Amino acid sequence: MALDHPYRQLPMPSNAPFELKPSSGKGWGAFATRRIGRGALILSEEPLFTIRKPHAEITDEDVVRAFQQLPASRKPLFFLLRDNASWQFRRVEHAFAENCFNMAGEDHGGRQRDGPRGLFLLHSRFNHSCLPNTKIPIPTSNREITYVQSFAIRDILPGEEITFSYECDFGCRTREERHQQLRFVCHCDVCQAGTTFQQLSDMRRRLVRGLQYLQIGKDLDGQKQEASGRPLITDIQLKRAAETRSIPLSSRLIYGLLVMVLTEQEGLLDDFLAERLSPSIWAAATMFETENNARLAKLAMAQETWLERLCVAFHLYGRADAADAALAGVLRKRV
Ligand SMILES: C[S@@+](CC[C@H](N)C(=O)[O-])C[C@H]1O[C@@H](n2cnc3c(N)ncnc32)[C@H](O)[C@@H]1O
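Conventions adopted
Residues numbered from 1 in each chain as written. Predicted model: local features only at pLDDT ≥ 70, side-chain atom pairs only at ≥ 80, totals over all residues. Heavy atoms only, no water. Axes fitted to C-alpha atoms, helices over the stretch in contact; angles between N-to-C directions. Helix = DSSP H or I, 4+ residues; strand = E, 2+ residues; numbered from the N terminus. Parallel < 35°, antiparallel > 145°, perpendicular 65-115°, else oblique. Left-handed = near helix turned anticlockwise from the far one by under 90°. Contact = heavy atoms within 4.5 Å. Nonpolar A, V, L, I, M, F, W, Y, C, P; charged D, E, K, R; others polar. Near = heavy atom within 4 Å. Polar contact = N/O pair within 3.5 Å; in protein donor to acceptor, adjacent residues only side chain to side chain. Areas by Shrake-Rupley, 256 points an atom, 1.4 Å probe, with all protein chains shown as cover.

Named according to an unreviewed UniProt entry, the protein chain is SET domain-containing protein originating from Bombardia bombarda.

See below:
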């Protein structure tokens, strides 16, 4: 192990539950030094500096200017950054881009706005996984954040690598799509090509994306999908129903529950995601106006697990409800 590697000089909090060391095929990474319980805070970190510009507009000059404003004692920290295992930084802007986090809050649609970027020395040492054990939640308020925090989303054992997902929509993207976006070949367990788990994972993630399309009538980029190419929904009538918000309440409830079950089976249903996805499912279950439907929906939601709720809710499949027309009207107005 490279004892003189510059990362060894990065200042670590005294109570940090991890150490930095080489990670096979990924450069360096962070590894747990003790058991970290699900939900525990792993690291709270302030940026070395922040550039108050959207990502695409940040130039070498911006980085140099921000660097020059640092106190003399903090300047050497910037030079501890290395090539991150991908390529050697030829410009300071590259070093910044590979080690920064978006500090913006989310927009009305729940997506993170493109806001100021902060340079983080330690969180940027965490490698990516498509099945991570840690999450850096997007700030839910629309205010920007001044520090970044990571939390364990399951129990992490001593010696385990600490990872998070570099993109928040990877639960809906196949291996190929994820690698295109990451611009490196991910070596995580889900990305081991040709394994049964990887094939199942691709199917689940594509299915979740399609189910989300049916619920909100648009794709991850906020756009309607073309019917040509490789559409998510091949049934033209169903696609039109999704885009005109005419999907009946019974189907909406079933699609929402199916997303929970698939995400859980994929190993991605952490507490943050459950908190984000479940309110709309609970709300849908209470909207039925046709008595028999309302009773079934209530019974479904009284079950203990997402799978049990789905199994009961399936009895609603294909049923119209007295609330359907009014719901479609409300959803269309929101577009
Ligand atoms: C922000 S850095 C992470 C820390 C980096 N490994 C280091 O040595 O400083 C991101 C880079 O790490 C590597 N990396 C991160 N996660 C990886 C993964 N799952 N598989 C392969 N390489 C990975 C890639 O080269 C990526 O460009």
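So that's the structure; there's more coming.
Enquirer: Whenever I open this one, the packing of helix 7 (residues 249-266) against helix 8 (residues 271-285) confuses me. Can you help?
Expert: If you want to describe how two helices pack, look at the angle between their axes and the distance between the axes. Remark: helix 7 packs on helix 8, axes separated minimally by 9 Å, with the N-to-C direction vectors making an angle of 155°. Relative to helix 8, the element helix 7 is oriented roughly antiparallel. For the pair helix 7 and helix 8, the crossing hand works out as left-handed. Counted together, Leu249, Leu253, Gly256, Leu257, Val259, Met260 and Thr263 of helix 7 and Leu273, Ala274, Leu277, Ser278, Ile281, Ala284 and Ala285 of helix 8 form the full contact between these two elements. Of the residues contributing to the contact of helix 7 with helix 8, the split by class is 11 nonpolar, 3 polar and no charged.

Enquirer: Honestly, the packing of helix 5 (residues 196-216) against helix 7 in this entry has me stumped. Any pointers?
Expert: Where helix 5 meets helix 7, the closest approach of the two axes is 9 Å, and the angle between their N-to-C directions is 155°. As summarised for this structure, helix 5 and helix 7 are arranged roughly antiparallel, according to the angle between their axes. Read as a crossing pair, helix 5 and helix 7 show a hand that is left-handed. Residues Phe197, Ser201, Arg204, Arg205, Leu207, Val208, Leu211, Gln212, Leu214 and Gln215 of helix 5 pack against Arg252, Tyr255, Gly256, Leu258, Val259, Leu262, Thr263, Gln265 and Glu266 of helix 7.

Enquirer: Sorry if this is basic, but what is going on with the site of the ligand here?
Expert: With respect to spatial proximity, 18 residues lie near the ligand, and among them Tyr7, Lys26, Trp28, Asn127 and His128 are the closest. Measuring from an oxygen atom of the ligand, one finds a side-chain N or O atom of Arg125 at 3.0 Å. Take His187: an N or O atom from its main chain is 3.0 Å from a nitrogen atom of the ligand. Burial of the ligand by the protein amounts to 94% of the accessible area it has alone, namely 560 Å². Split into classes, the residues belonging to the shell around the ligand amount to 8 nonpolar, 7 polar and 3 charged.

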